[in-house]
Each structure stands twice: as structure tokens, then as C-alpha cells.
Amino acid sequence: MKSMETEQMENRQTNWEKLSISNDFLFGKVMQNPELCKELLQRILPDLEIDHIEYPELQKSIKPDIDAHSIRLDVYVKDEKEVVYDIEMQVSDTKELPKRSRYYQGMMDLQLIDKGQYYDELNQSYVIFICPFDVFGKGRHIYTFENICKEENRISMGDGTVKIFLNAKGTLDDVSKDLKAFLDYVAGKKTKDLYVEKLEEAVKEAKKNREWRHEYMTLLMRDRENVKKGEEMLARLIVLLNEDNRISDIVRASQDEEYRQKLYLEYHII
């Protein structure tokens, strides 16, 4: 009879074998290949001429002040012009991606400029989310945002920031054949495209990497532990709020993570 630990290990092994490019961990590993990453950026941003890319840090972690959220970027690269790109694979529709993109942008800026530097030294930057769902519900494959004047939409703020949301399940004819092939691949559709074939081969090779497999299993275990810890913290908070007859706060805490964090601090749960 198998032990529970053995069954859990076998389940994690099965999960690893079933991963596709839409998994953020595997996507980050595959994108460590500079040629594959560069071609993806060119398909997303065809008007840019990228000679080569560099990896300042693999899966860059940004840890701001102690009270702020830390973030781990899936793919963080820059090109020969010092333009910085953050590419994120996002499978779950958390309903917070627009604000998360704002937070990521801000955290990246903090890392890009040192004390004493001028603001105009901030790099041009792109935050790109690749999703198998439509963030804005308009059927587009791509949504690109820059800061434009509301009253004079021909005036751009010129702050050097761009946020892009890709939708692998778009229905409009609004992107190139090359980008559509990649997005179809993310959505799990087979397509005849040389780049997609290279990605598929890279995915197969990545799954043979024992070190990456062990890292994935470790992260998966930690994620599950964090979920359990979060559930226990929320249950404790609900009990305390109920004792204080704060019924409306129970509902809000269950739906609003930022508000929940404030209540954790208020009740000394963190």
C-alpha cells in the first residue's frame, strides 16, 4: 500500500509531465533560450528591431519594503538599447491584472533607477501578460496601453511605459499570422509554424531537466502550504470578525485581498 507522501510525489510527477507552455514556471524556463525569447518579442512587437537580448537576472525577484508585496517576474530581459521587458504567463483570471501590471511597472522602475539619478534615465519598459482568456472581453488578441491625454488623444505622455495584454482565445483578425500561431499554441491548439515547433521541442527538453523538475515540485509544495496557511488565517479572521459583529467586513475580506491584509494587521494575525 502506497503512503500518502508517495502518492503526493507521484501526483507532482504527473503534473510535471502534463505541463504545457501556458504554465508560468515552464514558460520561464523555455524563455531562457535567448533566440526563442527574442522571436517572441518580435512577434508581439513587430515594429521594434531587436538585435539581441540579455538576461539581467533569470526569473528576477523584486523585494521592496517589508510591508509591500514582493514579486517574481517570469521573464525579465533587456535588449541592446536597454529597453526592459517583463513577460508574464497568466493562466488564472484573477480580475486584478490591470492593477497588477501597474504594480509590476512601479516595482521595476524602483529597480531601474538609483539614488541620485535623474528620472529621464528610466528605461523604456514593457509589461506583457499572456493569457488564455480575454481580460477586457472585446474579442481582441492584443490590448496595448500607453498613457495618452484624455482631452487630446494625439498627445502621449512619453513616460516610456507600455502595458500589453495578449488573449490566446481572441476572435478578431487583429494580429499577424505569426503571433496568432503562438497564441493558438498557448491555447492548446496545434498549428504548423516553425517557431511553435521550436517551442514544442524546447518544452519537451525542459521536462527532461531533473533540476527544473525538482524546483517545480518544491515550488508546488510551497504553494500548497501557502494556500493552506492562507485558508487558516482567513478562518481565524472570520471568527474574530464574527465575535466583533463585523459581518459586512467578513464578506469584504473574503473578496478583497488588500482589505483582508489590512484586517490581518489590525487583528495581529500576520
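Residues numbered from 1 in each chain as written. Predicted model: local features only at pLDDT ≥ 70, side-chain atom pairs only at ≥ 80, totals over all residues. Heavy atoms only, no water.

Colleague: Please clarify how the side chain of Asp86 should be interpreted in this entry.
Modeller: Among the structural elements, Asp86 can be located in strand 5 (residues 84–89). As a buried residue without a salt bridge, Asp86 has its nearest oppositely charged side chain in Arg100, at a separation of 8.8 Å. What Asp86 contacts, discounting residues up to four positions off in sequence, is Leu73, Asp74, Val75, Tyr104, Met108, Tyr126, Val127 and Ile128. (Helix = DSSP H or I, 4+ residues; strand = E, 2+ residues; numbered from the N terminus. Buried < 20%, exposed > 50% of the residue type's maximum accessible area, 1.4 Å probe, protein only. Lys, Arg positive; Asp, Glu negative; His and termini not counted. Salt bridge = Lys/Arg side-chain N within 4 Å of Asp/Glu carboxyl O. Contact = heavy atoms within 4.5 Å.)

Colleague: It is not clear to me how the pairing of strand 4 (residues 75–79) should be interpreted in this structure. Could you clarify?
Modeller: Residues in a regular strand point their side chains to alternate faces of the sheet. Counted residue by residue, strand 4 has five buried out of five residues, so it is predominantly covered. Of the two faces of strand 4, the one carrying Val75, Val77 and Asp79 and the one carrying Tyr76 and Lys78 are both buried. Two elements, strand 1 (residues 53–54) and strand 4, share two bridges in a ladder whose sense is antiparallel. Following the sheet pairing, Glu54 is matched in strand 4 by Lys78. Sheet topology places strand 4 next to strand 5; four bridges connect them, and they run antiparallel. Within strand 5, the position partnered with Tyr76 by the bridge is Asp86. What sits between the antiparallel neighbours strand 4 and strand 5 is a turn of four residues, in which Glu82 has the positive phi angle 70°. (Pairing = 2+ DSSP bridges.)

Colleague: Would you mind going over the sheet that holds strand 1 with me for this structure?
Modeller: As summarised here, the arrangement of the six strands in space is 1-4-5-6-8-7, forming an open sheet in which the pairing is mixed. Sheet topology places strand 1 and strand 7 (142–145) at the edges, where each strand pairs with a single neighbour.

Colleague: How should I be thinking about the packing of aromatic side chains in this particular structure?
Modeller: Each aromatic ring pair is summarised here by two numbers: the centre-to-centre distance and the angle between the ring planes. The full count for this structure, using the stated rule, is eleven aromatic pairs. Residues Phe136 and Phe165 carry aromatic rings whose centres are separated by 5.3 Å and whose planes lie at 85° to one another, so their mutual orientation is edge-to-face. You can see Phe136 sitting in the loop between strand 6 (125–131) and strand 7 and its partner Phe165 sitting in strand 8 (residues 161–167), a full 29 residues away along the chain. By relative accessible area, which is 3% here, Phe165 ends up buried. (Phe/Tyr/Trp six-rings, centres within 6.5 Å; stacked < 30°, edge-to-face > 60°.)

Colleague: What is the right way to read the packing of helix 8 (residues 247–255) against helix 9 (residues 257–266) from this model?
Modeller: Working note: a packed helix pair is described by the angle between its axes plus the distance between those axes. Contact pair helix 8 / helix 9: the axes reach a minimum separation of 6 Å and the direction vectors enclose 120°. Relative to helix 9, helix 8 is oriented oblique. Seen from above, helix 8 lies across helix 9 with left-handed handedness. When helix 8 is examined against helix 9, the residues Asp249, Arg252, Ala253, Ser254 and Gln255 are found in contact with a partner set consisting of Glu257, Tyr259, Arg260 and Leu263. In the contact of helix 8 with helix 9, the residues fall into three nonpolar, two polar and four charged. (Axes fitted to C-alpha atoms, helices over the stretch in contact; angles between N-to-C directions. Parallel < 35°, antiparallel > 145°, perpendicular 65-115°, else oblique. Left-handed = near helix turned anticlockwise from the far one by under 90°. Nonpolar A, V, L, I, M, F, W, Y, C, P; charged D, E, K, R; others polar.)

Colleague: Whenever I open this one, the pattern of salt bridges confuses me. Can you help?
Modeller: When the charged atoms of two side chains lie near each other, side chains of opposite charge can form a pair. The full count for this structure, using the stated rule, is 13 salt bridges. Across the salt bridge formed by Lys208 and Glu205, the nearest N and O atoms sit 3.2 Å from each other. Judged by relative accessible area, Lys208 falls into the exposed class, the value being 61%. Since its relative accessible area comes to 43%, Glu205 is described here as partly exposed. The salt bridge involving Arg246 is made with Asp249; its shortest N-O contact spans 2.7 Å.

Colleague: Which parts of the structure should I look at to understand the side chain of Gln90?
Modeller: Summarising the element assignment, Gln90 is placed in the loop between strand 5 and helix 4 (97–112). Within the structure, the side chain of Gln90 is placed 2.7 Å from the backbone oxygen of Ser92, a separation counted as a polar contact. There is a polar contact of 2.9 Å between the side chain of Gln90 and the side chain of Arg100. Other than its neighbours up to four places away in sequence, Gln90 contacts Leu97, Arg100, Phe129, Ile130, Cys131, Pro132 and Phe133. (Polar contact = N/O pair within 3.5 Å; in protein donor to acceptor, adjacent residues only side chain to side chain.)

Colleague: Looking at this structure, I do not really get the pairing of strand 5. What am I missing?
Modeller: Burial analysis of strand 5 places six of its six residues in the buried class, the great majority of the element. By the alternation rule, side chains of strand 5 split into Val84, Asp86 and Glu88 and Tyr85, Ile87 and Met89, which are all buried.

Colleague: I tried to follow helix 6 (residues 194–207) on my own but got confused; where do I start?
Modeller: Residues spaced three or four apart along an α-helix point in a common direction, a consequence of the helix completing one turn every 3.6 residues. Spanning 14 residues, helix 6 covers 20 Å between terminal C-alpha atoms, matching the ideal 20 Å at 1.5 Å per step. Listed in full, the buried residues belonging to helix 6 are Tyr195, Val196, Leu199, Ala202, Val203, Ala206 and Lys207. Projected down its long axis, helix 6 shows its buried positions confined to an angular sector of 135°, all on one face. One side-chain oxygen of the residue at the start of helix 6 lies 3.0 Å from the amide nitrogen of Tyr195, identifying that residue as Asp193. (Expected span 1.5 Å × (residues − 1). Arc of directions from axis to C-beta.)

Colleague: Could you clarify how one ought to interpret the nonpolar core in this entry?
Modeller: The tendency in soluble globular proteins is for nonpolar side chains to be buried side by side. Ranked by size, the top nonpolar core spans 46 residues in total, and within it Met31 and Ile130 carry the most contacts. Not counting residues within four places of it along the chain, the set of residues in contact with Ile130 comprises Phe27, Leu40, Ile87, Glu88, Met89, Gln90, Leu166, Phe182, Leu183 and Val186. Leu73, Val84, Leu112 and Phe165 belong to the second largest nonpolar core, which has 13 residues in total. (Core = buried A, V, L, I, M, F, W, Y, C linked by side-chain atoms within 4.5 Å.)

Such coordinate-based values are descriptive only and should not be taken to indicate function.
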